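Residue-level listing of the chains:
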Amino acid sequence: MRNIRHNRQRRLPHFLLSSLLCSILCSLSAHAKPSDKVIEAKVNALLNKMTLAEKIGQMNQVNYALTEDQALAAIKSGQAGAILNPTGVGEDTDLKKINALQRLALEHSPSKIPLLFARDVIHGFKTIFPIPLGLAATFNPLLVEQGARIAAQEARAAGVHITFAPMLDIARDARWGRIAESFGEDPYLVSQMGIAMIHGFQTNDLSAVDSLGATAKHFFGYGATEGGRDYNSTNIPPGQLRNVYLPPFKAAVENGVVSVMTSFNENDGIPATANRYALQEILRKQWGFRGFVVSDWNATGELIVHGYVQNRKQAAERAINAGIDMEMFTGSFLENLPTLISEGKVSLQTVNDRVRNILRIKYKMGLFDHPFFDEQTAREAFLKPDSLTSARQTAEQSVVMLKNDRQTLPLKSINTLAIIGPLADKPHEQIGTWSWDGDETAVITPLAAFRQEKTLTVLYQPGLEYSRDKSTDAFAKTIEAVKQADAAVVFLGEEAILSGEAHSLANLNLVGAQSELLAAVKKTGKPVVLVVMAGRPLTIERDLPNADAVLYSFHPGTMGGPALRDLILGKANPSGKLPVTFVRQVGQIPLYYNHNNTGRPAPAEEQLDTLDTIPVGATQTSLGNTSYYLDAGRDPLFPFGYGLSYSNFAYGELQLSSNQIHLQDTLTAKVKVTNSSNIDGTEVVQLYLRDPVSSRVRPVKELKAFKRVPLKAGETQTVSFTLTSKDLAFYNGDDHFTAEPGEFQIWVGGDSQHGPQANFRLVP
Ligand code: NOJ
């Protein structure tokens with residue numbers, strides 16, 4: 001599917017266009033881009049001059065934030081190739097320090113090779129955008145690219161060269177805290193978002209002074225962690241690996257990502273950080289990756305804990321021989337490579353190859369030409385008005401409306417509004433996980449945003465101090481406030497600390513006394529709007545009856561407040577769609593739309609038995625023998641791709657350019673989409689495909705394309721998608737990617753469950 005290409009062909013926003021133009025022109029005027037050949041020659045010349053100790057030093061990524069003295073010593077002696085966390089952890093960046101570290105390397109280290117500064121810039125640097133799950137909900141790669149561009153400009157201005165993003169793990173389990181950092185459950189959506197982020201970070205000129213190197217992580221399978229418990233084992237068979245977990249990484253490599261990070265998990269007994277087949281065969285040979293592979297934090301050291309190696313020496317041997325170029329934090333390469341080489345367990349050629357991968361990127365990024373940054377002007381790059389506008393627009397499009405009974409939203413004719421809930425005014429929680437450098441003082445909370453509305457009287461009562469608060473002491477005064485208001489907007493969800501790395505949960509209900517607070521507000525009889533700010537899909541089924549309307553905002557970032565206010569007051573119209581399936585109960589996990597069919601799928605149309613309807617003394621075979629839960633049924637609470645709008649969108653018939661295509665042909669699918677309401681809105685039109693009979697069982701549906709389509713009130717547009725046989729293909733053998741002739745089913749709709757269908761045949 002050419003979707004990203006044609007998304008990218010759409011007119012770029014003025015802001016993005018001028019910044020891209022500048023990065024091209026500025027870099028052109030400063031220096032011409034050296035060719036790959038020239039770079040290889042430079043790399044080899046430098047390599048020839050380096051001692052073995054220096055080469056090993058290049059492979060060492062030192063954590064500055066926790067070990068400042070050691071870092072300084074390592075830099076001086078040429079034992080550090082990269083510095084992790086140069087900006088410190090959770091503190092205001094001392095910009096002078098970063099240049100000082102670089103100066104140390106360039107003036108005192110033996111070969112004077114510039115350091116690479118690395119940092120987790122995940123969804124913004126100072127200007128924080130929605131968490132990646134929220135970014136995915138925009139279904140808008142252009143905005144994701146724009147956000148990454150802004151993050152790159154801010155981070156590079158502060159001396160950071162490379163970020164550990166995008167995270168491309170497929171996340172099908174909301175218990176896993178890192179689902180927040182993911183783009184959700186679908187390989188196509190994750191790929192498109194990943195590509196957009198890489199382009200935004202790196203642009204197409206890596207040597208530009210504002211180009212931030214991207215890292216595709218975590219290679220591979222980390223999101224499939226057993227039971228959603230972080231760092232756990234995964235059991236991904238080859239077919240699933242090729243068709244579900246690897247495509248976003250392949251797309252990242254095809255789009256020039258400079259680095260790939262290995263993951264913590266072991267898959268089927270082999271830790272990813274020591275998986276030679278994945279790193280050599282797939283990544284290097286089959287995909288032709290030319291950047292460097294970095295192990296995740298102490299992942300080499302953890303090979304011992306996994307029980308895969310005996311000691312740090314063996315860990316270093318396995319990791320480097322498998323294909324790790326740079327070791328993050330552990331230091332086992334530094335310690336053990338000299339001996340391993342003298343014992344012939346690691347070859348000099350391996351070392352040279354690994355170091356070459358690192359130096360190549362340092363040259364490509366122009367670090368030898370411009371190793372320093374201007375610390376005097378750096379802060380001018382932070383939180384620019386355009387950046388805040390972009391963050392606000394992204395936050396607006398990341399919000400998914402899940403319910404809107406009797407058109408409760410947008411709120412109209414409201415004079416007095418009760419703003420309730422522990423997350424209505426919490427800058428730290430609003431920016432979510434992985435926002436170390438985010439400027440909390442710049443955050444505009446929903447409370448602050450509503451207070452900017454001159455015509456509105458705002459009555460604020462948090463009801464609970466924080467999301468886990470169980471005390472109902474403040475409920476009485478909260479309810480009093482609601483009674484005096486025309487409507488209540490209740491901000492519930494999760495504090496930032498409840499999602500992200502190592503923050504898995506077994507229970508996904510709203511924590512603390514939040515459900516009780518919502519129920520108490522509802523009892524007043526006033527219209528109730530629930531806004532959920534969370535790092536993951538929570539199980540909110542039991543809360544739905546207590547809200548007339550529900551907006552799911554994930555953690556929306558710096559400008560989440562104004563975005564939510566504008567949606568609630570109707571100055572903006574919701575257009576976000578779910579990038580993951582929302583389950584009704586935790587016990588349904590994993591539940592994802594693109595599953596394979598069982599031999600006994602539960603029927604959609606039949607009323608399924610539930611625990612309450614099963615007759616006492618029923619015989620074993622009386623329940624239909626299909627695949628569903630007696631106590632949770634078959635379906636999710638909300639399907640992938642779902643999201644309401646203040647507008648109504650009607651789909652016409654799906655028309656195909658032909659009912660039969662050959663392998664080399666293209667197929668055009670067209671559908672008329674009408675905004676049948678009197679409100680302008682934007683629909684995310686989604687195309688799904690199924691290969692119903694094939695040599696391997698295939699998913700019941702797979703997203704293959706999407707388009708955001710703005711439609712004026714009453715307007716109709718014909719939306720068309722063009723497919724090639726590549727879009728019909730899958731891996732039916734280890735690396736055998738093919739489209740199998742036969743019947744195909746195609747749907748176009750506003751979510752993964754609805755929309756007109758048509759069929760066609762692929763003939764050889
Ligand atoms: C561990 C995390 O798994 C990884 O995603 C992150 O980039 C590194 N730590 C560095 O902070």
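Calculation rules
Residues numbered from 1 in each chain as written. Predicted model: local features only at pLDDT ≥ 70, side-chain atom pairs only at ≥ 80, totals over all residues. Heavy atoms only, no water. Near = heavy atom within 4 Å. Polar contact = N/O pair within 3.5 Å; in protein donor to acceptor, adjacent residues only side chain to side chain. Areas by Shrake-Rupley, 256 points an atom, 1.4 Å probe, with all protein chains shown as cover. Nonpolar A, V, L, I, M, F, W, Y, C, P; charged D, E, K, R; others polar. Salt bridge = Lys/Arg side-chain N within 4 Å of Asp/Glu carboxyl O. Helix = DSSP H or I, 4+ residues; strand = E, 2+ residues; numbered from the N terminus. Buried < 20%, exposed > 50% of the residue type's maximum accessible area, 1.4 Å probe, protein only. Pairing = 2+ DSSP bridges. Axes fitted to C-alpha atoms, helices over the stretch in contact; angles between N-to-C directions. Contact = heavy atoms within 4.5 Å. Arc of directions from axis to C-beta. Core = buried A, V, L, I, M, F, W, Y, C linked by side-chain atoms within 4.5 Å. Domains from an automatic or database assignment. Phe/Tyr/Trp six-rings, centres within 6.5 Å; stacked < 30°, edge-to-face > 60°. Lys NZ or Arg CZ within 6 Å of the ring centre and 35° of its normal. 1 Å grid on protein atoms, 1.4 Å probe; cavity = no way out; pocket = protein on both sides within 12 Å on 5 of 7 lines; lining within 4 Å. Points joined across faces, edges and corners; volume = space filled by probe spheres on them. pLDDT = per-residue confidence, 0-100. Parallel < 35°, antiparallel > 145°, perpendicular 65-115°, else oblique. Left-handed = near helix turned anticlockwise from the far one by under 90°.

With that settled, the discussion passes to the site of the ligand. Every residue lining the ligand is accounted for by Asp120, Phe164, Arg178, Lys217, His218, Met261, Phe264, Asp296, Trp297, Met328, Trp434 and Glu501. For the ligand, an oxygen atom lies 2.4 Å from a polar atom in the side chain of Asp120. Contacts to the ligand include His218, whose side-chain N or O atom sits 2.7 Å from an oxygen atom. Contact with the protein chains covers 95% of the free accessible surface of the ligand, which is 300 Å². Across the shell around the ligand, the residue classes break down as 6 nonpolar, 1 polar and 5 charged.

Within this structure, the stated rule accounts for 33 salt bridges. Between Arg354 and Asp325 there is a salt bridge, with the nearest N and O atoms lying 4.0 Å from each other. One end of the pair, Arg354, is in helix α16 (residues 348-364); the other, Asp325, is in the loop between α14 (312-322) and β10 (327-328), and 29 residues separate them in sequence. On the basis of relative accessibility, which here comes to 8%, the residue Arg354 falls in the buried class. A single network of salt bridges, built from pairs that share partners, joins Arg392, Glu453, Arg565, Asp566 and Lys571.

Bringing the sheet that holds strand β15 (residues 528-533) into the picture now. The 6 strands lie next to each other as β11-β16-β15-β14-β12-β13, forming an open sheet whose pairing is mixed. Because the sheet does not close on itself, it has two edges, and the strands there are β11 (400-404) and β13 (457-461). Direction aside, neighbouring strands of the sheet carry axes that sit 20° apart on average. Judged from the 5 bridges that link them, strand β12 (residues 416-420) and β13 form a sheet pairing that is parallel. Paired with Ile420 across the bridge in β13 is Gln461.

Contact pair helix α5 (residues 68-76) / helix α6 (residues 95-108): the axes reach a minimum separation of 8 Å and the direction vectors enclose 35°. Contacts between α5 and α6 involve Glu68, Leu72, Ile75 and Lys76 on the former and, on the latter, Lys97, Leu101, Leu104, Ala105 and His108. A per-class count over the contact of α5 with α6 returns 5 nonpolar, 1 polar and 3 charged.

Our focus in this paragraph is the sheet that holds strand β5 (residues 215-219). Read from one edge of the open sheet, 3 strands run β5-β6-β9, paired in parallel fashion. Looking at which strands have only one partner, the edges of the open sheet turn out to be β5 and β9 (292-294). Within the sheet, the average angular offset between the axes of one strand and its neighbour, ignoring direction, is 25°. When β5 meets strand β6 (residues 259-262), the two strands line up parallel, connected through 3 bridges.

Here we come to helix α15 (residues 332-342). Those residues of α15 not exposed but buried are Ser332, Phe333, Asn336, Leu337, Leu340 and Ile341. Down the axis of α15, the buried set is contained in an arc of 135°. They therefore lie on one face. Following α15 by one or two positions, Gly344 has its phi on the positive side, about 75°.

In this section: the side chain of Asn357. Position of Asn357 among the secondary structure elements: in helix α16. Look at Asn357 and you get buried, because its relative accessible area is 9%. Filtering out sequence-adjacent residues up to four positions away, Asn357 remains in contact with Arg284, Arg290, Gly291, Phe292 and Asp325.

This brings us to the nonpolar core. Membership of the largest hydrophobic core comes to 146 residues, with the highest contact counts inside it found for Ile83, Phe201, Phe219, Leu283, Leu337, Leu703 and Ile746. Sort the elements by how many residues they give to this core and helix α9 (residues 187-202) lands first, with 8 residues. Three or more residues apiece are contributed to this core by two domains, here domain 1 (390-569) and domain 2 (649-763). For Ile746, the contacting residues outside a window of four places in its chain are Leu654, Leu656, Leu667, Ala669, Leu687, Tyr688, Leu689, Leu723, Pro756, Gln757, Ala758 and Phe760.

What follows is about unusual backbone geometry. Across the junction of Lys217 and His218, the peptide omega takes the value -5°, indicating a cis bond. With respect to the helices, strands and loops of the structure, His218 is situated in strand β5. Backbone torsion omega between Leu409 and Pro410 reads -5°, so that peptide bond is classified as cis. By the element assignment, Pro410 lies in the loop between β11 and β12. Of note, the phi angle at Asn85 is positive, near 60°, even though the residue is not glycine. Residue position: Asn85 is located in the loop between β2 (82-84) and α6. A relative accessible area of 9% means that Asn85 is categorised as buried.

Its location among the elements puts Asp425 in the loop between β12 and α18 (427-431). Classification of Asp425 as partly exposed rests on a relative accessible area of 30%. With 262 residues separating them along the chain, Asp425 and Thr163 place their C-alpha atoms 30 Å apart. A polar contact is formed between the side chain of Asp425 and the side chain of Thr445, at a distance of 2.7 Å.

This brings us to the packing of aromatic side chains. Within the structure shown, the criterion is met by 21 aromatic pairs. Consider the rings of Trp176 and Tyr222, whose centres lie 5.1 Å apart with planes at 85°: the pair is edge-to-face. Within this pair, whereas Trp176 is found in the loop between β4 (162-163) and α9, its partner Tyr222 is found in the loop between β5 and α10 (238-245), the two being separated by 46 residues in sequence. Taken as a pair, Trp176 and Tyr222 share a single burial class, namely buried. Ring geometry for Tyr363 and Phe368: centres 3.9 Å apart, planes at 10°, overall stacked. Joined through ring pairs, the aromatic side chains of Phe139, Tyr188, Tyr593, Phe640, Tyr688 and Phe706 make up one cluster. Taking NZ or CZ as reference, Lys126 lies 5.5 Å from the ring centre of Phe125, over its face. When the ring centre of Phe382 is taken as origin, the NZ or CZ atom of Lys126, which lies over that ring, is 5.5 Å away.

Quick look at empty space enclosed by the protein now. Empty space among the atoms can be located by rolling a probe the size of a water molecule over them. A full pass over the atoms with the stated rule returns 5 cavities of 30 Å³ or more. Considering only enclosed or pocket space, the largest cavity measures out at about 80 Å³ in volume. Taken together, 13 residues form the lining of the largest cavity, with Arg172, Asp173, Ala174, Thr581 and Leu591 sitting closest to its centre. Classifying every residue of the lining of the largest cavity by side-chain character gives 9 nonpolar, 1 polar and 3 charged. Empty space within the second largest cavity amounts to approximately 70 Å³.

A separate point is the pairing of strand β19 (residues 666-675). Of the two faces of β19, only one is covered, namely that formed by Leu667, Ala669, Val671, Val673 and Asn675; the face formed by Thr666, Thr668, Lys670, Lys672 and Thr674 stays uncovered. Where strand β17 (residues 649-656) and β19 come together, 6 bridges link them in antiparallel fashion. Bridging from a neighbouring strand, Ala650 pairs with Thr674 of β19.

Okay, the confidence of the model for the protein next. Here the protein averages 93 in pLDDT, and 95% of its residues register 70 or above. Throughout residues 1-31 the model reports pLDDT below 50, and contacts reaching past four residues in sequence, or to other chains, amount to 52 contacts.

In this section: the packing of helix α3 (residues 36-49) against α16. What describes two packed helices is the angle between their axes and the distance between those same axes. The N-to-C vectors of α3 and α16 enclose an angle of 125°; their axes lie 9 Å apart at closest approach. As the angle between them shows, α3 and α16 are arranged oblique. Judged by the twist between their axes, the crossing of α3 over α16 is right-handed. Where α3 abuts α16, its residues Asp36, Ile39, Glu40, Lys42, Val43, Asn44, Leu46 and Leu47 lie against Asn352, Val355, Arg356, Leu359, Arg360, Tyr363 and Lys364. Considering only residue class, the contact of α3 with α16 consists of 7 nonpolar, 2 polar and 6 charged.

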